[in-house]
2 protein chains.
Amino acid sequence: MLSLLGDWRRTHYCGELNGKNTGEDICVMGWVHRRRDHGGVIFIDLRDKTGLLQLVLNPEISPEAHSIAEAVRSEYVVAVKGKVEKRPEGTINENLPTGEIEIIVKEIKILNNAKTPPFQIEENTNVGEDVRLKYRYLDLRRPNLQKNIILRHNLTRTMREYLYGKGFLDIETPFLTKSTPEGARDYLVPSRVNPGKFYALPQSPQMFKQLLMISGYDRYFQIVRCFRDEDLRADRQPEFTQLDMEMSFIDRQDLMDLIEGLFVEIFQKVAGITVQRPFPVMTYAEAMEKYSHDAPDTRFELFTKTINDLVKDCEFKVFTDAIKEGGIVKAINAKGAGKFSRKEIDEITDYAVSLGAKGLAYIKINEDGLQSPIIKFLGEQLTHRILDTMDAKVGDIVFFGAGEKSTVNLFMSKVRLELGRRLGLIDKNKYNFTWVIDFPLLEWDKEEKRYAAVHHPFTAPVDEDIPLFDTDPLKIRAKAYDLVLNGSEIGGGSIRIHRSDIQEKMFNILGLTKEECDLKFGFFIEALRYGTPPHGGIAFGVDRIASILAGADSIRDVIAFPKTQKATCLMSDAPNKVDAKQLKELSIKLDIIEEK
Amino acid sequence: MLSLLGDWRRTHYCGELNGKNTGEDICVMGWVHRRRDHGGVIFIDLRDKTGLLQLVLNPEISPEAHSIAEAVRSEYVVAVKGKVEKRPEGTINENLPTGEIEIIVKEIKILNNAKTPPFQIEENTNVGEDVRLKYRYLDLRRPNLQKNIILRHNLTRTMREYLYGKGFLDIETPFLTKSTPEGARDYLVPSRVNPGKFYALPQSPQMFKQLLMISGYDRYFQIVRCFRDEDLRADRQPEFTQLDMEMSFIDRQDLMDLIEGLFVEIFQKVAGITVQRPFPVMTYAEAMEKYSHDAPDTRFELFTKTINDLVKDCEFKVFTDAIKEGGIVKAINAKGAGKFSRKEIDEITDYAVSLGAKGLAYIKINEDGLQSPIIKFLGEQLTHRILDTMDAKVGDIVFFGAGEKSTVNLFMSKVRLELGRRLGLIDKNKYNFTWVIDFPLLEWDKEEKRYAAVHHPFTAPVDEDIPLFDTDPLKIRAKAYDLVLNGSEIGGGSIRIHRSDIQEKMFNILGLTKEECDLKFGFFIEALRYGTPPHGGIAFGVDRIASILAGADSIRDVIAFPKTQKATCLMSDAPNKVDAKQLKELSIKLDIIEEK
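Reference entry: report on the structure contained in this document. Small disclaimer: the values here were computed from a predicted structure and weren't measured.

**Regarding the overall build of chain A**
Part 1: Across its full length, chain A holds 18 helices and 23 strands.
Part 2: Scored against the burial criterion, the 596 residues of chain A give a buried share of 58%.
Part 3: Taking the intrachain contacts of chain A between residues at least 6 apart in sequence as the baseline, contacts between residues at least 24 apart amount to 67%.
Part 4: A total of about 24600 Å² of accessible surface is found on chain A, and carbon and sulfur atoms cover 51% of it.
Part 5: Here chain A contributes 83 positively and 90 negatively charged side chains, and the mean placements of these two sets differ by 2 Å.

See the structure below:
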């Protein structure tokens, strides 16, 4: 029933052919996308990764081919030999690159048959993602997923070629490694030959790339898989891909210049989009004040503003209590939101509440005066001082959030984005890059009651802030930088600590005991003592960047074989149970009550 | 004590400078390789990844720089500004690319100090590997290791650029996956969110790359880490890197042509070596007969020969018993081995015995007649028939091995290599590629008492051999091919099974029950039913190829951070113990008696 290639060789991909090839004898191979009979003639849309091509099987031209084609069904794999001809007048398909031609088939071979797939291989599908993930190999035939996977290939290729040209060395680092301090949970791998001991899968090659700088490799990069055993909220994967880089003898500006060049090239080559340099630079403080977030979406100009000073003595207890408790009051002027219905305002308020807000006060400026539940507490004079400060005009609504600082920033930043959406201010065709710098080095971890590194413990403090280690640690600025695109952080990095004494200071303030320090990082601190050059680096989320370039809703749409929110693979059914013998070999046993 | 870069920027790497730069003001940064005082003047050899450069600090030219330089020790990190000048007559160093110049230093900055390293950073070192692995970051400063790591970068870069040009898509496959059937043990990863279940780290992306062909991606490649939890004999690593490829709508010859082009390019670009194509092709049967091994070293022409027919009726029981028990008798003519001393012959015999031989009979052809412990059994006539068959002349020695087939092939192949070495027949500058084809599809596993796949269970049988599944499975030839270079297998692959019925036949003959089959490969067999194109691929060992190109003794010398034979990292001390809390989270516990 099935035949092999024999001496048949493909001369073209389907999508490559067009009017220029008219008259040529060609051989193409691919999948039967659609088959229809029309007055005894069989028409087949043949599909490969380059697109669709119309085959015509006419019983009068080639009876054998025609009769073989009668057996053909959707997704059969076939090879055909035939002649390229212009389509008859009126049958030209403008929407298809190959739409002006068709192949008059002389011979056809069925290379493989196919069961009827559980869903149609179509550009857009309304089939549930679970089914598509179970049959991922069919989902991956869909033109838009193929477009994404090919785009991702072009993305990593462009990254490599740019960095090859800049003298970076592609150096591989281990996967079976030791717990890193990135914060998130490690995936562990029991060692059979070393009973009771475990490897950790890397959350990033951080220490290895710094060791490569200590070893004098000067410029390193790697496109590398990393692993985080986190609870997978939102759009996360247990394994993700990172463009990881490190350079020696540089300062922040050197790295920023190099990276801006990289992204100009990526956007030009992969998406045909021209990006302007230099990218704007914003301090963390400014980002938090104006956008209430450290990854600001700068595509639209609604800004949040802290108004503690204005309202600290007012009659509105919600504001004054918040301030008394060390919190903040922030306002945002939703320009033109006057047209919002009562219902819409409630929706926005509910959204804020769902994010931890106690409520969302507002002042609406109508032609015929103000409308607000709170002006009776503020009084006329203060109300107008506030409206002036927020530059509020007729047709605007000013929203207010009050409470604990981080909570207010959280919901006000989300409310800002929601307002941008509802007011149609977000231009999907804009690509706004922003560097965010001068992050704090440390933050206070309430649960653990200790300082925690905002980036990671290898980030260098700003030199003049070093004395603050002993006086006011939370005021220390880090030599860290994030690259933000359209409100999502696509990369982050820093100039690193290259002095062992500062590195020890850092570990100490993070509350590591001498013992923990030696156990976890002893070898690294020792390495810093043997001649470490000033160095710094950055890492980018390849999945995220690919999904932005592809305009995909989820990073799952730019990963060939992604996992679910439960970190499972619906196709192969990984992870799965293993037999006791394997566990015995690894000197471990299960610590659960096996459900019967 | 330490200063930062400030506005200093490197203008050149050390090794880039030469006579052409004479008179230029430059800024270089690197490591103090050596420092010596000479009549009040300080000479420093500055090192970076490009090489060494001589710095001159003359107190009369720049007293400040000179006094700073007095504090400098080996491996300090410094930056200097100065002028390039020709060295005085008679002080030119021919062995150094920068040997005709030196830098007259005007300013110097100490960027970091350094403890005295545990060993000198020298081209060649006699320091034990354990110490070098513990301080790998210092070992990696040694010029020859840097050469290897840079060579490896050029190797993978060349592979990528060649495959980009051939329309291959670089597609990433998962690391957290399901047990694959490659034979070796899997590394397991417990899943926290799925208690009692485990991921397996891939031994190769075999099924994923075939699924990508089923999905229509047509040409796939990936340079990817793979994992095998084997007992690390010889030169193995628990994690290794593979160039993994797969193509659709091809036959063996298409793939061979593409691969030969790849290696011609690799050897030209990475090592400047011109390789001839096409590569010779040898059947498995021929390789086993003439080289007694399936990865023949074709650089020298000593051949083994089965002489069962000649000796089956002779008086020498060692031969006849072996044949009666279904074994073989093989001979090899060591041309010119006549010069071997008695002691040397004994050494070779002992070597064979250490590999399982009962002994190693021989006939030495001297001017004055034959010398041999066995001719008295063979008789004159047979002896001369044998010598004729082996084309043995005065000055040669013919060695004989007898016994069970696989044992004889093992020790005779090793004896052949040993003879090649001792007779000086192996040309280190020769690079002999050989394709080995027509492997058997199956072998008989004595322990498990069942058939096992010689390559892997996805390898396609030769079409006309398919009927043998029911009659004589061991006679089925596989559409498999290995690429051998100088006697080591650097890559292997096959045309795959693209029909679900054949794939099931294969799993059945391997003794998988319907249940096991469904559990392990159900999804894959199902995938084959939805329109699978004919396809095939190959995978190459990147570590091995890099070590051959670098002329390294061990793959550890081409891996930045390798592991020991015990699969440990002496630098970071991975694997290590983890705290009970982590194990609890993973629903596992240790199954060992903790040594106190």
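**Topic: the packing of helix H5 (residues 206-214) of chain A against helix H16 (residues 514-528) of chain A**
All names here are of chain A.
Part 1: Interaxial distance between H5 and H16 falls to 10 Å at its minimum, and their mutual angle equals 25°. Looking at the two axes, H5 sits roughly parallel to H16. For the pair H5 and H16, the sense of crossing is left-handed. The segment H5 lies against H16, with Met207, Gln210, Leu211 and Ile214 engaging Phe521, Phe523, Phe524, Ala527 and Leu528.

**Examining the interface of chain A and chain B**
By a widely used convention, the size of an interface equals the accessible area lost when the partners come together.
Part 1: Each partner contributes residues to the interface: chain A has 128 residues there, and chain B has 128 residues.
Part 2: Here chain A packs against chain B, burying approximately 11800 Å² in sum over the two surfaces, 59% of which is carbon and sulfur.
Part 3: Between Lys115 of chain B and Glu526 of chain A there is a salt bridge; the shortest N-O distance is 2.8 Å.
Part 4: Our count for the contact surface shared by chain A and chain B stands at 65 residue pairs in polar contact (both at pLDDT 80 or more).
Part 5: Looking at the side of chain A that touches chain B element by element, the count peaks at 11 residues for helix H4 (residues 143-165) of chain A.

**Focus on the relation of the copies chain A and chain B**
Part 1: Relative to chain B, chain A is turned by 180° and slid 0.0 Å along the rotation axis, the superposed coordinates differing by an RMSD of 0.1 Å. The superposition of one copy onto the other is thereby described by a two-fold rotation axis.
Part 2: With an isologous cut-off of 70% or more, the 100% of interface residues of chain A that recur at the interface of chain B puts this contact in the isologous class.

**Comments concerning the side chain of Asp186 of chain A**
All names here are of chain A.
Part 1: By secondary structure assignment, the location of Asp186 is in the loop between strand S6 (169-170) and strand S7 (188-190).
Part 2: The buried charged residue Asp186 lacks any salt bridge partner; its closest oppositely charged side chain belongs to Lys520, at an N-O distance of 7.1 Å.
Part 3: For Asp186, the side chain forms a polar contact with the side chain of Gln203, separated by 2.6 Å.

**Side note on unusual backbone geometry**
All names here are of chain A.
Part 1: Cis geometry is adopted by the peptide bond preceding Pro278, which originates at Arg277 and carries an omega value of -5°.
Part 2: Examined against the element boundaries, Pro278 turns out to sit in the loop between helix H6 (252-271) and strand S11 (281-283).
Part 3: At the junction of Ala574 and Pro575, the peptide bond is cis and its omega measures out at -5° in the coordinates.
Part 4: Unlike most non-glycine residues, Asn486 shows phi in positive territory, near 50°.
Part 5: Within the fold, Asn486 resides in the loop between strand S20 (480-485) and strand S21 (488-495).

**Concerning the sheet that holds strand S3 (residues 51-57) of chain A**
Residues and elements named next belong to chain A.
Part 1: If you trace the 5 strands once around the closed barrel, you get S1-S2-S3-S5-S4, paired in mixed fashion. Sheet twist, expressed as the average angle between the axes of neighbouring strands with direction ignored, equals 55°.
Part 2: Examined bridge by bridge, strand S2 (residues 41-48) and S3 share 7 bridges and lie antiparallel to one another. If you follow Arg47 over to S3, its bridge partner there is Leu52.

**Overview of helix H17 (residues 542-550) of chain A**
All names here are of chain A.
Part 1: Across the 9 residues that make up H17, a large majority, 8, are buried.
Part 2: Considered for burial, the residues of H17 that qualify are Val542, Asp543, Ile545, Ala546, Ser547, Ile548, Leu549 and Ala550.
Part 3: Considering only its buried residues, H17 is in contact with H4, strand S10 (239-248), H6, S20, S21 and strand S22 (535-541).
Part 4: Just beyond H17, the residue with positive phi is Gly551, at close to 65°.

**Regarding the pattern of salt bridges**
Part 1: Across all of its chains, the model carries 118 salt bridges over all chains by this definition.
Part 2: Here Arg141 of chain A makes a salt bridge to Glu75 of chain A, at a shortest N to O gap of 2.8 Å. Taken together, the positions of Arg141 of chain A in the loop between helix H3 (136-139) and H4 and Glu75 of chain A in the loop between helix H1 (63-69) and strand S4 (77-86) put the pair 66 residues apart, joining distant regions of the chain. Residue Arg141 of chain A shares its accessibility class with Glu75 of chain A, and that shared class is buried.
Part 3: Where Glu347 of chain B meets Arg422 of chain B, a salt bridge forms, and the shortest distance between an N and an O atom there is 2.9 Å. Separated by 75 residues along the polypeptide, Glu347 of chain B in helix H10 (residues 342-354) and Arg422 of chain B in helix H13 (residues 405-422) bring together distant segments of the chain.
Part 4: Each member of the salt-bridge network shares a partner with another, and the members are Arg152, Arg225, Glu239, Asp543 and Lys563 of chain A together with Glu172 of chain B.

**Brief notes about the pairing of S2 of chain A**
Residue and element names in this part refer to chain A.
Part 1: In terms of residue burial, S2 counts as a mostly covered element, since 8 of its 8 residues are buried.
Part 2: As judged from the 7 bridges shared by strand S1 (residues 25-38) and S2, these two strands associate in the antiparallel manner. Its bridge partner being in S2, Trp31 is matched across the sheet by Arg47.
Part 3: As consecutive antiparallel partners, S1 and S2 are separated by 2 residues, and within that stretch Gly39 has a phi angle of approximately 60°, a positive value.
Part 4: Here S2 folds back onto S3 in antiparallel fashion, the turn holding 2 residues.

**Quick look at the nonpolar core**
Part 1: Counting residues in each nonpolar core, the largest one holds 119 residues, and the members touching the most others are Leu211, Leu243, Met245, Ile259 and Phe263 of chain B.
Part 2: Among the elements that take part in this core, helix H6 (residues 252-271) of chain B stands out by supplying 9 residues, more than any other.
Part 3: Sequence-distant contacts of Phe263 of chain B, defined by excluding residues within four places in its chain, comprise Phe279, Phe433, Leu483, Ile490, Phe540 and Ile545 of chain B.
Part 4: Ranked by size, the runner-up nonpolar core spans 60 residues in total, among them Phe439, Ala480, Ile555 and Val558 of chain A.

Cut-offs used in this document
- Residues numbered from 1 in each chain as written.
- Chains lettered and ligands numbered in written order.
- Predicted model: local features only at pLDDT ≥ 70, side-chain atom pairs only at ≥ 80, totals over all residues.
- Heavy atoms only, no water.
- Helix = DSSP H or I, 4+ residues; strand = E, 2+ residues; numbered from the N terminus.
- Buried < 20%, exposed > 50% of the residue type's maximum accessible area, 1.4 Å probe, protein only.
- Contact = heavy atoms within 4.5 Å.
- Areas by Shrake-Rupley, 256 points an atom, 1.4 Å probe, with all protein chains shown as cover.
- Lys, Arg positive; Asp, Glu negative; His and termini not counted.
- Charge placed at Lys NZ, Arg CZ, Asp CG, Glu CD.
- Axes fitted to C-alpha atoms, helices over the stretch in contact; angles between N-to-C directions.
- Parallel < 35°, antiparallel > 145°, perpendicular 65-115°, else oblique.
- Left-handed = near helix turned anticlockwise from the far one by under 90°.
- Buried area = accessible area lost by both parts, 1.4 Å probe.
- Salt bridge = Lys/Arg side-chain N within 4 Å of Asp/Glu carboxyl O.
- Polar contact = N/O pair within 3.5 Å; in protein donor to acceptor, adjacent residues only side chain to side chain.
- Least-squares fit on C-alpha atoms with pLDDT ≥ 70 in both.
- Pairing = 2+ DSSP bridges.
- Core = buried A, V, L, I, M, F, W, Y, C linked by side-chain atoms within 4.5 Å.

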